[in-house]
Amino acid sequence: MNAFNILALQAANQPDPAESLVRFDGVGKTFSVDGQAFEAIRDFNLSINEGEFIAIVGSSGCGKSTLLRLLVGLDADYSGQIHVDGKLVSGIGGDRGIVFQEHRLFPWLTVAQNIALGLVNEPLTQGERARKVNGFVELVGLKGFESAYPHQLSGGMSQRVAIARGLVASPRILLLDEPFGALDALTRQQLQDELLAIRERSGITTLLVTHDAEEATYLADRVVVMEPRPGRIKSIVDIDLPHPRARTGVALHRLREKLLHQLTGDGNYLPPRIDRVEGVRPEFIAL
Ligand SMILES: Nc1ncnc2c1ncn2[C@@H]1O[C@H](COP(=O)(O)OP(=O)(O)O)[C@@H](O)[C@H]1O
Ligand SMILES: [Mg+2]
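Criteria and cut-off values
Residues numbered from 1 in each chain as written. Chains lettered and ligands numbered in written order. Predicted model: local features only at pLDDT ≥ 70, side-chain atom pairs only at ≥ 80, totals over all residues. Pairing = 2+ DSSP bridges. Helix = DSSP H or I, 4+ residues; strand = E, 2+ residues; numbered from the N terminus. Axes fitted to C-alpha atoms, helices over the stretch in contact; angles between N-to-C directions. Contact = placed C-beta atoms within 7 Å. Near = placed C-beta within 6 Å. Nonpolar A, V, L, I, M, F, W, Y, C, P; charged D, E, K, R; others polar.

A short note on the sheet that holds strand β7 (residues 173-177)
Step number 1: Spatial ordering of the open sheet is given by β6-β7-β8-β3-β9-β10, a layout of six strands whose pairing is mixed. Both edges of this open sheet fall to β6 (96-99) and β10 (232-238), since each of them pairs with a single strand only. Within the sheet, the average angular offset between the axes of one strand and its neighbour, ignoring direction, is 20°.
Step number 2: Sheet topology note: the strand β9 (residues 222-227)/β10 ladder contains six bridges and is antiparallel. Its bridge partner lying in β10, valine 223 is registered against valine 237.
Step number 3: Where helix α2 (residues 64-72) meets the sheet, its contacts fall on β3 (53-57), β6, β7, β8 (205-210) and β9, and the angle it forms with β7 comes to roughly 150°.

The structure is reproduced here in structure tokens:
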């Protein structure tokens, strides 16, 4: 990589691809709709470092779910390349776990059995399997509900099961497609904090798709803003704040504003001046 490329990457808020765990290189996707070609994604380039938390935000239909499907290996019909740990993605694999907005649990299976589905491709003994499942039941706070069926669970609990199923095979990358979008605000906040706790413990690389700017800025290290028709990257916003982050803090609020502006405006954002906060002089405002 020459100096010019490195500068270009830095300008685009991207790490050095040689050191990244996930690489999208010039990825494009075209669907055929009623015999007509429909370009859903164009020239998507993104490098994700090991342990990073990336959020992808963008309006409905800009290709977010399609990108996750390509990375998870559910669709091989695309242009460009996707590498995980230097290997070209070909089909699904235990190194990538995925959680969808709808929990997609099987109603005739118990919590433990649903989580165990995440291990179907793992060569484990029955004892090892049970131990792993129990560990993840505990991790997501469902101890005592191992034998419950999905209809006996709340939306938040069902999504916890889905997260445990996504993690049980110890993937290196966790993919989440609007996982908290259907939950009430309080449960959503609770699960966001649990996701951060899981990350702190496991350091797992995380790629979250959301349409919620607040969620993206609260959780992620970098937020990829996409624009539609065809879906492509508009900008990448660094969220350079340590965890735990204050949901109502000024710093997060400013980043959220910037992000919302990226999502809806022309991208030429100038933060508003804060001259006075309830009588506090500006030099005393911690940003
Ligand atoms: N299987 C498919 N066949 C045809 N068009 C599709 C298919 N899947 C997605 N699309 C189209 O591709 C675009 C991107 O879809 P999607 O990735 O689901 O967007 P998002 O998740 O950002 O809402 C949308 O316009 C959608 O209608
Ligand atoms: Mg989607």
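So, the site of ligand 1
Step number 1: Looking at ligand 1, the residues that line it are Phe31, Val33, Phe38, Ala40, Gly58, Ser60, Gly61, Cys62, Gly63, Lys64, Ser65 and Thr66.
Step number 2: Mapped by element, the contributors of at least two residues to the shell around ligand 1 are β1 (20-33), β2 (36-49) and α2.
Step number 3: Per-element accounting of the shell around ligand 1 gives the leading share, three residues, to α2.
Step number 4: Among the residues forming the shell around ligand 1, the class breakdown is five nonpolar, six polar and one charged.

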